[in-house]
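Fold and geometry: a report
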Amino acid sequence: MGILNVTPDSFYDGGKYLTPDDIVRRAASMLENGADIIDIGGYSSRPGAENIPIEEEIARVASALKIIKKEFSECIVSVDTFRSEVAKIAAAEGAEIINDISGGELDKKMFETVAELKLPYVLMHMKGSPATMAKLNQYDNLIGDMLQYFQQKIHRLNELGVWDIIIDPGIGFSKNSLQNFHLITQLDIFSALNLPVLLGVSRKSFIYKTLNVSQEEALNGTTIVNTISLLKNLSIIRVHDVREAKQIISLLEKLKN
């Protein structure tokens, strides 16, 4: 899953892909390098991110979707949003997956909306909102609390008729650096939920701060963490650097064979 943030303030690539030409170039590059899914984000979810009006998010997402679907009609597009109205408009513009960082917590209509849309749903673990999550990293038992969170939400989604669910542990979302590393070591536990698992660690602060490098220098660290994670029954990795991620997958497939 290649990341396409059409925001001015995302933590790594904010402001890079705001014009139609930039969006087309970015999407073309990711697809040429082997992206299976393009994930469009119109709302920055970095820690402390500013809340933007829904109209602004809709304008960003709908515009990018129109451009990508016109230029790359066969491309599978995911939309990164926690707002049900954005999900509806995205689906009408051709989005095939809804990727919700809040697991339905920030918009109580999201689960019912996904059920109506009949689209695959990425269910991520997070507490609070992007503005508050950094302070909400206290757990009685991190893995146990997360499994309970997922089980309850999966049950609710199933009741509504939603079965095509992808789990995302939410690395960096209401978790500190030590908790992120602990989660990486325990990723295979989530296989017990019998659902595909998605992971997004690309260039995140727990990598570059540990290595004492910049975000721009964090590709090697990202590659290492993605490699370790893919050995733990992952189905999808969400990345900024598609070419390098596909190389990991190619090598691991060769090793397995």
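A few points on the structure. (Residues numbered from 1 in each chain as written. Predicted model: local features only at pLDDT ≥ 70, side-chain atom pairs only at ≥ 80, totals over all residues. Heavy atoms only, no water.)

**Quick look at the environment of Phe206**
To keep it simple, the criterion reads: What counts as a helix is a DSSP run of H or I of at least four residues, what counts as a strand is a run of E of at least two, and both are numbered from the N terminus. For every residue, the accessible area obtained with a 1.4 Å probe (protein chains only) is divided by the maximum for its type, and the residue is called buried under 20%, exposed over 50%, and partly exposed between those limits. Should any heavy atoms of two residues lie within 4.5 Å, those residues are counted as being in contact.
Within the secondary structure, Phe206 sits in helix α7 (residues 205-211). The buried category is assigned to Phe206, whose relative accessible area is 4%. In sequence terms Phe206 and Gly221 are 15 residues apart; their C-alpha atoms lie 9.8 Å from each other. Not counting residues within four places of it along the chain, the set of residues in contact with Phe206 comprises Ile171, Ser177, Asn180, Phe181, Val201 and Val225.

**Topic: helix α2 (residues 54-71)**
Definition in use: Here the expected span of a helix is defined as 1.5 Å times the quantity of residues minus one.
Over its 18 residues, α2 runs 26 Å from end to end, which matches the ideal 26 Å to within 8%, given 1.5 Å per residue. Residues of α2 that are buried: Glu57, Arg60, Val61, Ala62, Ala64, Leu65, Ile67, Ile68 and Lys69. At its buried positions, α2 is contacted by β1 (2-5), α1 (20-32), β2 (37-41), β3 (76-80) and α3 (84-92).

**A few points about unusual backbone geometry**
Although it is not a glycine, Ser174 sits at a positive phi angle of roughly 55 degrees. Tracing the backbone shows Ser174 in the loop between β6 (165-168) and α6 (177-185).

**Examining empty space enclosed by the protein**
Defined as follows: In this analysis the probe radius is 1.4 Å and the grid spacing 1 Å, with only protein atoms considered; a cavity is a set of points the probe fits into but cannot get out of, a pocket is an open set with protein on both sides within 12 Å along at least five of seven lines, and lining residues have an atom within 4 Å of a point. Grid points are joined across faces, edges and corners, and a volume is the space filled by probe spheres set on the points. Following the grouping adopted for this structure description, the nonpolar residues are Ala, Val, Leu, Ile, Met, Phe, Trp, Tyr, Cys and Pro, the charged ones are Asp, Glu, Lys and Arg, and the polar ones are all others, Gly among them.
Scanning the entire structure with this criterion turns up 3 cavities of 30 Å³ or more. Its boundaries defined by the atoms lining it, the largest cavity holds a volume of some 50 Å³. Listing elements by their share of the lining of the largest cavity, those giving two or more residues are α8 (219-230) and α9 (242-256). A total of 4 residues in the lining of the largest cavity trace back to one element, the largest contributor, which is α8. Partitioning the lining of the largest cavity into residue classes produces 4 nonpolar, 4 polar and 2 charged.

**Here we look at the pairing of β2**
Under the convention used in this document: Pairing between strands is defined by DSSP: at least two bridges between the two strands are required.
Summarising burial for β2: 5 of the 5 residues are buried, a large majority. Residues Ile37, Asp39 and Gly41 line one face of β2 and the alternating positions Ile38 and Ile40 line the opposite face, and both faces are buried. Here β2 runs beside β3; their pairing, made up of 5 bridges, is parallel. Paired with Ile37 across the strands is Ile76, a residue of β3.

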